[in-house]
Amino acid sequence: MTLHVKAEPVMRRPDTPAWLTDLARFCAGLRFEDLPEPVVARTLQVIGDCIAAIAAGAQEPETIALVARMLGTDGDTGAAVIGAGRRGVPSLAAFLNGTAGTMLELDEGNQFCRGHPGIHVVPAVLAAALRSGASGREVITAVALGYEIGARIGIASKLRVTMHPHGTWGTVGAAVAIAWLARRDAAGMIETINVASSLGLSTSRRTMLEGGTVRNSFAGFSNQIGLMVSDLVAAGFTGEADGLGTVYGSVIADDWRPDEMVAELGSRWEIARNYFKRHACCRYNHGALDALHEIVAKEGGRLEPDAIARIDVATYVWAAQLAGQEPHNMLAAKFSLPFSIATTIVHGAATVDAFREAARTDDTIRELARRVFVREDAAATAKLPAQRPAQVSVTLKGGRVLAAQALTNRGDTEDPYTPAEVRQKFFDLAVPVWGQSRAEAIIAAVDALPGAADIAALDALLAAAPVTRT
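Along every chain, residues carry numbers that run from 1 in the direction the sequence is written. The predicted origin of the model limits local features to residues at a pLDDT of at least 70 and limits the giving and counting of side-chain atom pairs to 80 or more, whereas totals for whole chains, interfaces and linings rest on all residues. Values reported for side chains reflect all heavy atoms of the structure, with hydrogen atoms and water molecules removed beforehand.

## Observations concerning the overall build of the chain
How we decide: Numbering of helices and strands starts at the N terminus; helices are DSSP runs of H or I of at least 4 residues and strands are runs of E of at least 2. Radius of gyration: C-alpha atoms only; globule rule: 2.2 Å multiplied by the number of residues to the exponent 0.38. Throughout, exposure labels follow a simple rule: accessible area from a 1.4 Å probe, protein chains only, divided by the maximum for the residue type, with under 20% read as buried, over 50% as exposed, and the rest as partly exposed. Calculation of accessible area relied on Shrake-Rupley with a 1.4 Å probe; when residues are assessed, cover is drawn exclusively from the protein chains displayed. A residue counts as positive if it is Lys or Arg and as negative if it is Asp or Glu; His and the chain ends are not included. Each charge is placed at NZ for Lys, CZ for Arg, CG for Asp and CD for Glu.
Counting its secondary structure elements, the chain contains 21 helices and 8 strands. Since a compact globule built from 470 residues should have a radius of gyration of about 23 Å, the 22 Å found for the chain is in line with a globular shape. Taken over the C-alpha atoms alone, the chain extends approximately 70 × 60 × 45 Å along its principal axes. Taking all 470 residues of the chain together, the buried fraction comes to 57%. As presented, the chain carries roughly 18,500 Å² of accessible surface, and 55% of it is formed by carbon and sulfur atoms. Across the chain, the 45 positively charged side chains and the 51 negatively charged ones have centroids separated by 2 Å.

Shown next, in the form of structure tokens:
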């Protein structure tokens, strides 16, 4: 076999790209006062949303077992392992919290970068900020900045279709957030970005489609590695001159557009155009579930499963990929559009419990899921990414057809949840873990971050044992 390899020797280290120099200066020079008020408000929402998602995810059997194995009897010092009633060294706490935060598919996201920047950054910042004694304003700034950098990489590149976005560019976002807390100058920011660019995971999209729960650890690794990058850079380790351009332009992604890294920098904030999730499943399902909600509401708030002959869903390509009718575990159920529709009809909403094992093995739900058929609508795919359409048609056994269409997902920038709805989601997830009074104290501590001298009080609340395991 003859190898056709083009020899491309590196005769000298290339110069740092101008855009990277500009980006690094922005990162190093950012201050809390530079953040517009809406950005501060949304960052506080994202921090609270991540905490709630982590706490709820920490109650899953795999997460409980992982904490016990990794902390052993040494979990009494360090940063809070949220929802576990334990503490751990910052890198381990960040890993466990990032992992727990993706267990239930309820972490926030950003449609423009096609991923979930918040859960890749918040655990690392909370762990590092406790150790460094950072103020609440510094925590807010670090989260907003880390979110910004991770999201912009997702916008500037197009991951290979076989890749899962978790654990990729979020690693760079976490590393930049930690570098900002460490007061890295522009040169240190350049090195941080270049080192971190090489340390993302080689993730597989099939893990989510097959229900491979290793996928839930991807964000955990991003947080852990983000903390480690700070030590690597401080110790003198270096990256290539343009790590992002190489990795996201030729290795795991294509269509690298570095101008997007600095476009409207400082005036357009990605965290301010995020989305929050209320359905406890893959976001690709949400448009169809929103359309289903409209149908059910018109029918008086209830559809009887036995009255349904079949349900047809026509939607865009990524949602159409979730057509499996026989999910074998909770994660696979969350990435099954037929199951998501069936369990929502039976439970009345796509709640956390609607995807647990009792629901997954329920005969009524399983049989109804087999009557849900999903196909790609080329016209819907053509509307991406501006819209994410889904057409749902419910055919009753008497022949009557109920239909509705959604063009976007509730919670998206175009149709956002109200602050009250986002706050209610926090309580829906946090109260079962800690009880009403502690949940109220936690969200009050998050709201008070702009005036907090440090996060010790918030961390103490987050380290409390869950009421479900006391």
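Anyway, onward from the coordinates.
## Looking at the packing of helix α2 (residues 37-57) against helix α5 (residues 122-132)
We count it as follows: As a rule, the C-alpha atoms of each element are fitted with a line to give its axis, helices using only the stretch in contact, and angles between N-to-C directions run from 0 to 180 degrees. Oblique is the label for any angle not covered by the other classes, which are roughly parallel (under 35 degrees), roughly antiparallel (over 145) and roughly perpendicular (65 to 115). Only heavy atoms matter for contacts: two residues are in contact if any of them lie within 4.5 Å across the pair. Note on residue classes: Ala, Val, Leu, Ile, Met, Phe, Trp, Tyr, Cys and Pro are nonpolar, Asp, Glu, Lys and Arg are charged, and everything else, Gly too, is polar.
Interhelical geometry of α2 versus α5 gives an angle of 95 degrees and a closest axis separation of 10 Å. The pairing of α2 with α5 is recorded here as roughly perpendicular in orientation. Contacts between α2 and α5 involve V46, I47, C50, I51 and I54 on the former and, on the latter, V122, P123 and L126. Partitioned by chemical class, the residues of the contact of α2 with α5 number 8 nonpolar, no polar and no charged.

## Topic: the environment of H328
Assignment of secondary structure puts H328 in the loop between α13 (317-320) and α14 (330-334). Residue H328 is classed as partly exposed on the basis of its relative accessible area of 48%.

## Re the pairing of strand β5 (residues 308-315)
To keep things clear, this is the line we draw: Strand pairing requires that DSSP identify at least two bridges connecting the strands.
Sheet analysis places β5 next to strand β7 (residues 390-396), joined by 7 bridges and oriented antiparallel. The residue bridging I311 from the neighbouring strand is V394, located in β7. Alignment of β5 against strand β6 (residues 372-376), held across 5 bridges, turns out to be parallel. When the sheet's bridge partners are listed, V313 is paired in β6 with V374.

## Focus on the sheet that holds β6
A sheet is described by the order of its strands in space; here 4 strands give the open sequence β6-β5-β7-β8, paired in mixed fashion. The open sheet has two edge strands with one neighbour each: β6 and β8 (401-406). Sheet twist, expressed as the average angle between the axes of neighbouring strands with direction ignored, equals 15 degrees. Lying over the sheet, helix α12 (residues 286-298) contacts β5, β7 and β8, oriented at roughly 135 degrees with respect to β8.

## Here's the deal with the nonpolar core
Spelled out, the test is: Among the buried residues, those of types Ala, Val, Leu, Ile, Met, Phe, Trp, Tyr and Cys that are joined through side-chain atoms within 4.5 Å form a nonpolar core.
By size, the foremost hydrophobic cluster in this structure holds 159 residues, and its most contacted members are I51, Y248, I341 and W434. Ranked by residues supplied to this core, first place goes to helix α6 (residues 136-156) with 12 residues. Excluding anything up to four places from it in sequence, I341 contacts A288, L289, L292, I311, V313 and V372.

## Describing the side chain of S217
Rules: The term polar contact refers here to a pair of N or O atoms within 3.5 Å; inside protein, the definition further demands a hydrogen-donor-capable atom paired with an acceptor-capable atom, and it admits residues adjacent in sequence only when both atoms are side-chain atoms.
Position of S217 relative to the elements: it lies in the loop between α9 (206-210) and α10 (218-234). Classification of S217 by relative accessible area gives buried; the value is 11%. Polar side-chain contacts of S217 include one of 2.7 Å to the backbone oxygen of V214. Excluding its chain neighbours within four sequence positions, the residues that come into contact with S217 are F95 and T99.

## Overview of the packing of aromatic side chains
Worth spelling out the cut-off: Stacked, edge-to-face and tilted are the three classes for Phe, Tyr and Trp ring pairs, Trp counted by its six-membered ring, which pair at centre distances within 6.5 Å; planes under 30 degrees apart are stacked, over 60 edge-to-face, the rest tilted. Distance and angle both matter: a charge sits over a ring if NZ of Lys or CZ of Arg is within 6 Å of the ring centre and within 35 degrees of the ring normal.
Under the defined criterion, the tally for this structure stands at 6 aromatic pairs. Plain terms: the ring middles of W19 and W256 are 5.9 Å apart, the flat faces sit at 65 degrees to each other, and that makes the pair edge-to-face. Taken together, the positions of W19 in helix α1 (residues 18-29) and W256 in the loop between β4 (253-254) and α12 put the pair 237 residues apart, joining distant regions of the chain. Judged by its relative accessible area of 11%, W19 falls in the buried class. The ring of W318 is capped by R205, whose NZ or CZ atom sits 4.7 Å from the centre of that ring.

## Re the pairing of β7
Of all 7 residues in β7, 5 are buried; the element is thus mostly enclosed. Taken together, β7 and the strand that follows it, β8, pair antiparallel across an intervening segment of 4 residues, in which G399 is found at a positive phi of about 105 degrees.

## Focus: the packing of helix α7 (residues 170-181) against helix α8 (residues 186-197)
Going by this rule: Here a crossing is taken to be left-handed if its near helix is turned anticlockwise relative to the far helix by less than a right angle, and right-handed if that turn runs clockwise.
Here α7 crosses α8 at 150 degrees, and the two axes come no closer than 9 Å. Regarding the angle of α7 to α8, the classification is roughly antiparallel. At the point where α7 passes α8, the crossing takes the right-handed sense. Between α7 and α8, the contacting residues are T171, V172, A175, V176, A179 and W180 on the first element and M189, T192, I193, A196 and S197 on the second.

## Regarding α8
One full turn of an α-helix is made of 3.6 residues, so residues set three or four places apart face in the same direction. As a reminder, the rule being used: Helix span, expected: 1.5 Å multiplied by one less than the number of residues in the helix.
Taking 1.5 Å as the rise per residue, α8 with 12 residues should run 16 Å; its terminal C-alpha atoms sit 17 Å apart, in good agreement. Summarising burial for α8: 10 of the 12 residues are buried, a large majority. Within α8 the residues assigned to the buried category are G188, M189, I190, E191, T192, I193, N194, V195, A196 and S197. Residues of α8 that are buried make contact with α1, α7, α10 and α11 (243-251). One side-chain oxygen of the residue at the start of α8 lies 3.3 Å from the amide nitrogen of A187, identifying that residue as D185.

## A word on the state of the cysteines
Formally: Defined by distance alone, a disulfide is two cysteine sulfur atoms within 2.5 Å.
Here the structure, examined in full by the defined rule, presents 0 disulfides. No disulfide involves C50; its sulfur sits 13 Å from the nearest other cysteine sulfur, which is in C113. Of the residues examined, C50 reaches a relative accessible area of 1% and is grouped as buried. Residue C281 stays outside any disulfide, its sulfur separated by 7.1 Å from that of C282, the closest cysteine.

## Things to note about unusual backbone geometry
Residues other than glycine predominantly adopt negative phi, and peptide bonds predominantly adopt the trans conformation. The omega torsion across L384 and P385 is -5 degrees, close enough to zero to call that bond cis. As for its placement among the helices and strands, P385 is situated in the loop between α18 (378-382) and β7. Unusually for a residue other than glycine, R114 sits at a positive phi of about 60 degrees. Structurally, R114 is set in the loop between α4 (90-100) and α5. For R183, which is not a glycine, the phi torsion comes out positive at approximately 65 degrees. As for its position among the elements, R183 is in the loop between α7 and α8. Here R183 falls in the partly exposed class, since its relative accessible area comes to 47%.

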